[in-house]
Amino acid sequence: MTRLFGTDGVRGVANGLLTADLALRLSQSAAVVLGHRRAAAGRRPVAVVARDPRVSGEFISSAVEAGLASSGVDVYDAGVLPTPAAAFLVADIDADFGVMISASHNPAPDNGIKFLGRGGHKLDDSVEDEIEAQMGQAPVLPTGDQVGRIKRFSDAEDRYVVHLLQSLGEVSLKGLKIVLDCAHGAASGCSPEAFAAAGAEVIVIGADPDGLNINDDYGSTHLQNLQEAVISHAADLGIAHDGDADRCLAVDHTGEIIDGDQIMGVLALALKEAGGLNDDTLVVTVMSNLGLKLGMAKAGINLVETAVGDRYVLEGMRAGGFNLGGEQSGHVIFSDYATTGDGVLTGLQLAARVAATGRSLRELADESMTRLPQVLINVAGVDKARVKSHEVVQAAVAAVEARLGESGRVLLRPSGTEPVVRVMIEAETADLARAEAEALADVVKAELAL
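Overview of the structure. Everything quoted here is computed from the prediction, not taken from an experiment. (Residues numbered from 1 in each chain as written. Predicted model: local features only at pLDDT ≥ 70, side-chain atom pairs only at ≥ 80, totals over all residues. Heavy atoms only, no water.)

1. Overview of the overall build of the protein chain
The condition that has to hold: Each helix corresponds to a stretch of at least 4 residues labelled H or I by DSSP, and each strand to a stretch of at least 2 residues labelled E; elements are numbered beginning at the N terminus. Radius of gyration here uses only the C-alpha atoms, and the compact-globule reference equals 2.2 Å multiplied by the residue count raised to the power 0.38. Accessible area is worked out with a 1.4 Å probe on protein chains only. A residue is then buried under 20% of its type maximum, exposed over 50%, and partly exposed in between. Here, two residues are considered to be in contact whenever any of their heavy atoms come within 4.5 Å of each other. What sets the accessible areas is the Shrake-Rupley method with a 1.4 Å probe; for residues, cover comes only from the shown protein chains. Lys and Arg are tallied as positive, Asp and Glu as negative. Neither His nor the chain termini are counted. Here the site of a charge means NZ on Lys, CZ on Arg, CG on Asp, or CD on Glu.
Helix and strand counts for the protein chain stand at 14 helices and 18 strands. Whereas a compact globule of 450 residues would reach a radius of gyration of roughly 22 Å, the protein chain reaches 23 Å, a difference of no more than 12%. In the protein chain, buried positions account for 56% of the 450 residues. Taking all contacts inside the protein chain whose residues are at least 6 apart in sequence as the whole, residues at least 24 apart take part in 72%. Within the structure as shown, the protein chain displays about 18,000 Å² of accessible surface, and the carbon and sulfur contribution to it stands at 50%. Of the side-chain charges in the protein chain, 37 are positive and 62 negative, and the distance between the mean point of each set is 4 Å.

2. A look at the sheet that holds strand β7 (residues 177-181)
The condition is simple: By definition, two strands form a pair when at least two bridges between them are found by DSSP.
Strand order across the open sheet formed by five strands is β8-β7-β9-β10-β11, with mixed pairing between neighbours. Two strands close off the open sheet at either side, each with one partner strand: β8 (201-205) and β11 (257-258). Judged from the four bridges that link them, β7 and strand β9 (residues 237-241) form a sheet pairing that is parallel. Pairing of leucine 180 across the sheet is with isoleucine 239, part of β9.

3. Overview of helix α4 (residues 125-134)
Keep this limit in mind: The arc in question is traced by the directions running from the helix axis to the C-beta atoms.
Three or more residues of α4 are buried, namely Val127, Glu128, Ile131, Glu132 and Gln134. All buried residues of α4 lie within an arc of 160 degrees about the axis, which places them on one face of the element. Along its buried surface, α4 packs onto α1 (20-36), β5 (110-116) and α10 (310-320).

4. What to know about the pairing of β8
Just so we agree on the cut-off: The handedness of a crossover follows from its direction of travel: if, with the strands pointing away from the viewer, the path from the first strand over the helix to the second runs clockwise, the crossover is right-handed.
Examined bridge by bridge, β7 and β8 share five bridges and lie parallel to one another. Bridging from a neighbouring strand, leucine 180 pairs with valine 204 of β8. Since β7 and β8 lie parallel, the crossover through helix α6 (residues 190-197) that links them has a hand, and here it is right-handed.

5. Side note on the pattern of salt bridges
Note the threshold: By definition here, a salt bridge exists when the distance from a side-chain nitrogen of Lys or Arg to a carboxyl oxygen of Asp or Glu is within 4 Å.
Taken as a whole and judged by the stated rule, the model has 29 salt bridges. Between lysine 122 and aspartate 310 there is a salt bridge whose closest N-O contact spans 2.6 Å. On the criterion of sequence distance, the pair formed by lysine 122 in the loop between β5 and α4 and aspartate 310 in helix α10 is long-range, its members being 188 residues apart. Here the two residues lysine 122 and aspartate 310 agree in accessibility, since each one is buried. Arginine 311 serves as the salt-bridge partner of glutamate 128, at 3.6 Å between the closest nitrogen and oxygen. Linking glutamate 128 in helix α4 with arginine 311 in helix α10, this pair joins segments that are 183 residues apart in sequence. For the pair shown, glutamate 128 and arginine 311 are each scored as buried. Among the charged side chains, a salt-bridge network with shared partners connects Arg3, Asp125, Glu128, Asp129 and Arg311.

6. Quick notes on the sheet that holds β5
Just so we agree on the cut-off: Under this scheme, a helix contributes an axis fitted over its contacting stretch, all axes are lines through C-alpha atoms, and angles between N-to-C directions fall in the 0 to 180 degree range.
If you trace the six strands from one edge of the open sheet to the other, you get β1-β5-β4-β2-β3-β6, paired in mixed fashion. Lying at the two open borders of the sheet, with one neighbouring strand each, are β1 (10-13) and β6 (150-152). Put simply, the sheet's adjacent strands are angled 20 degrees from each other on average, direction ignored. Of the strand pairs in this sheet, strand β4 (residues 97-101) and β5 are connected by four bridges, and their pairing is antiparallel. By the bridge assignment, glycine 98 is partnered in β5 with leucine 116. Its contacts with the sheet put helix α3 (residues 83-92) on β2 (46-51), β3 (74-80), β4 and β5, and the angle it makes with β4 is roughly 165 degrees.

Geometric values such as these leave the question of function open.
Next comes the structure, spelled out in structure tokens:
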């Protein structure tokens, strides 16, 4: 049987894989595993539920809340809020767990259900397996005064915004003109509110969610509108979120994109300068640009690499006691303030660095790293299981590494879900990266063809 949980909760087309019935049964199982088995004795379990604004979130959240309450869990309905807001609120009110209904950067027909454990932390695979196994058992259905209550979490957004502003300390964003692209998503209300309260002059785009337009030509996966708005408004910088606002990408005053690696570089230097970067270490994935590693080494900052995925970054941070990490895609995790990637928090911290230094985002990004050209080719229809052991393929990798030397990098990564090997090359020039990537991809295709 295929595992129900994927890399980021249960996700699929609403009313396809993700039906109201599945949401009900899944939440009833979570009520047992995350609620009754882990709640303090003699106290009814408490859960926070939030969602992004896609239309299917309305019926899915109703089904989730019905499942929880019918299984004896008190529910605080936080309404439309970012995933990191839900995580913060779980910790803030000491709830037993949380549920976020979102498909992040996916298009509107998709949706997902993600559970957060006590403290707002993502669940381990073993706990997700426990929930899935519980779905095969009869639900817990109390009666009378033992059923759960559903309450509107009336000050949820205010609590989250106050938390965000507290992370800035004494730094004000006054004097900065910032364009925010909210992807017609969950941050459409709280992100403009937070930036304006911090003192910035805010121009907002992509903040008119209608339930169907989430991530549609706006947000961190579609940056053209943000680039144009920054230039036309002569703004200092632009910030883009995705649908559930757990990531952040940026645009400098010239309209050039600042990716997650560059954002992490800027923030790592800021934390190190303030003496706040634990063990002078930044946690990244294997997909981070070699330029980030070289730039951080120059600044005396160590890099710890993990597998691709923000959950692996979090594991690496926890294991080493580090407080900053993230992905090239814009998931940036400040464990001093958050338990997951937070796009609004990241944007505020990035803008705060610009305000505090009086330097442009372009200058700060260039100081942190020089981004090497990176080419990624997906080779389909191959036996990905043999990529690391195949002698001819590995010999080809070694030959490319020898040619590139310390000024380049080779990464072959099997896909986790399909018969695909991802060939990634970084080199001093785009032409060299492209040529080496295409040559290596040809070897992979010829030697590992199914």
